Structure formats: structure tokens, C-alpha cells
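Inside the fold
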Amino acid sequence: WDLIDQGPGGFSISNKAKPAVQARVGDLIGITRASGAENRDGNLALGVIRWMMVSEDKVYRVGIQTIAAEIVPAAIRALTGSANVTRFNRAIIAGDFSRSDDNVVITGAGMFNPGREYELKVGDDQLRVRSDTLVEATVNFNHFTVTPLA
């Protein structure tokens, strides 16, 4: 893929070959960055595909919004609710809870409920958190802020 355009919130890429993996608008994607200051630990960034197009000359273009510059894998479960949300599910933590007041979690669709309490596993740590603000809900994911509980 070739980088076509880049701004503070995302970028667009193009490719003359048909992509090997099928993707859709709204899919989350991991983004590798060039080595250097933006990729201190080799971590991925997280983006979401906002638009896709194929030109008449079969050039594939994709617009990607960066939603997290640094991500950490996690697991999350709601403390109340249906069996689907009370068992551990995959989650992504945007940034580092120890360095941020804006604690952001990305989960599968249907996990967010305002004010719901969750158990969050990040590495060897387990935290109790409460959901605050829904940033975005799609058919693919929920993106929301949480507050750690004492």
C-alpha cells in the first residue's frame, strides 16, 4: 500500500493490486508505524476504515481514521447483564491507564451500557471500571470512556 495523504486524524492509502484480505467500511485495523518516536515500543495504532473506492483504472483507495495512537490488548466483562456481556470478551485499551485521565476502551458491539460496571483485565492487572461516555457505536464495535473504581 502507498500512503497518499496524511492529516492529524488519519490518512488515505492506495494500491494497484486487489487487496488479499476483504475489508469493509467500519472495520477496525491495526496500523504499524515506521520506527522512531511514533513507535517507541513497536506497538500498533488503531484505525477504522471510513471510506473505500475503486477507480475505473482499478486503483484501490482507502480512507482510515486513527482512533488510538497506542493500544494495549485487554479482556472485559460486565458485572451485570446477559451471558454475552458477563463473560470475558476481547477489548482494546487506547493508551495507558497509568498515564491518562481519558481512559478509552474499544470492545465488540453491544458491550456499552451507560454507567455499567465492568471488570477489565490488562496484562496481569484486574481493574473495576464504570462506563462513562459512548464515543462511537457501530455494528462492529463500541468505543467508550471509562472511569476506574476504587
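The sections below set out a description of the structure shown in this document. Since the structure is predicted, the reported quantities are computational estimates derived from the model, not experimental observations.

1. Details of the overall build of the protein chain
Each helix and strand counted, the protein chain has 1 helix and 11 strands in total. Counted from the first residue to the last, the protein chain has its helices and strands arranged as β-β-β-β-β-β-α-β-β-β-β-β. Buried residues in the protein chain amount to 36% of all 150 residues. Counted over contacts in the protein chain with a minimum sequence separation of 6, partners at least 24 positions apart contribute 48%. Of the accessible surface of the protein chain, which amounts to about 9,100 Å², a share of 50% is contributed by carbon and sulfur atoms.

2. Notes on the nonpolar core
Judged by nonpolar contacts, the single largest core of 14 residues is most densely connected at Ile76, Val105, Tyr118, Leu120 and Phe144. Counting residues per element, the ones that place at least two in this core are strand S6 (71-78), strand S7 (89-94), strand S9 (117-122) and strand S11 (141-148). Among the nonpolar cores identified, the runner-up in size contains 9 residues, and Leu46, Val48, Ala68 and Val104 belong to it.

3. Concerning the sheet that holds strand S2 (residues 10-15)
Within a sheet, neighbouring strands are paired by backbone hydrogen bonds and run either parallel or antiparallel to one another. Here 5 strands make up an open sheet; going across it, the order is S1-S2-S5-S4-S3 and the pairing antiparallel. Strands with a single pairing partner mark the edges of an open sheet, and in this sheet they are strand S1 (2-7) and strand S3 (28-31). Neighbour to neighbour, the strand axes of the sheet diverge by 35° on average, direction disregarded. Sheet topology places strand S4 (residues 45-54) next to strand S5 (residues 60-68); 8 bridges connect them, and they run antiparallel.

4. A word on the pattern of salt bridges
Think of it this way: side chains of opposite charge can pair up when their charged atoms draw near. Under the definition given, this model contains 5 salt bridges. Among the ionic pairs, Arg77 bridges to Glu119, the shortest N-O distance being 2.9 Å. Of the two residues, Arg77 is situated in strand S6 and Glu119 in strand S9; the sequence distance between them amounts to 42 residues. A salt bridge links Arg128 to Glu117; the nearest nitrogen and oxygen atoms lie 2.5 Å apart. Taken together, the positions of Arg128 in strand S10 (residues 125-137) and Glu117 in strand S9 put the pair 11 residues apart, joining distant regions of the chain. A single salt-bridge network, built from bridges that share partners, covers Glu117, Arg128 and Arg130.

The rules behind these values
Residues numbered from 1 in each chain as written. Predicted model: local features only at pLDDT ≥ 70, side-chain atom pairs only at ≥ 80, totals over all residues. Heavy atoms only, no water. Helix = DSSP H or I, 4+ residues; strand = E, 2+ residues; numbered from the N terminus. Buried < 20%, exposed > 50% of the residue type's maximum accessible area, 1.4 Å probe, protein only. Contact = heavy atoms within 4.5 Å. Areas by Shrake-Rupley, 256 points an atom, 1.4 Å probe, with all protein chains shown as cover. Core = buried A, V, L, I, M, F, W, Y, C linked by side-chain atoms within 4.5 Å. Pairing = 2+ DSSP bridges. Axes fitted to C-alpha atoms, helices over the stretch in contact; angles between N-to-C directions. Salt bridge = Lys/Arg side-chain N within 4 Å of Asp/Glu carboxyl O.

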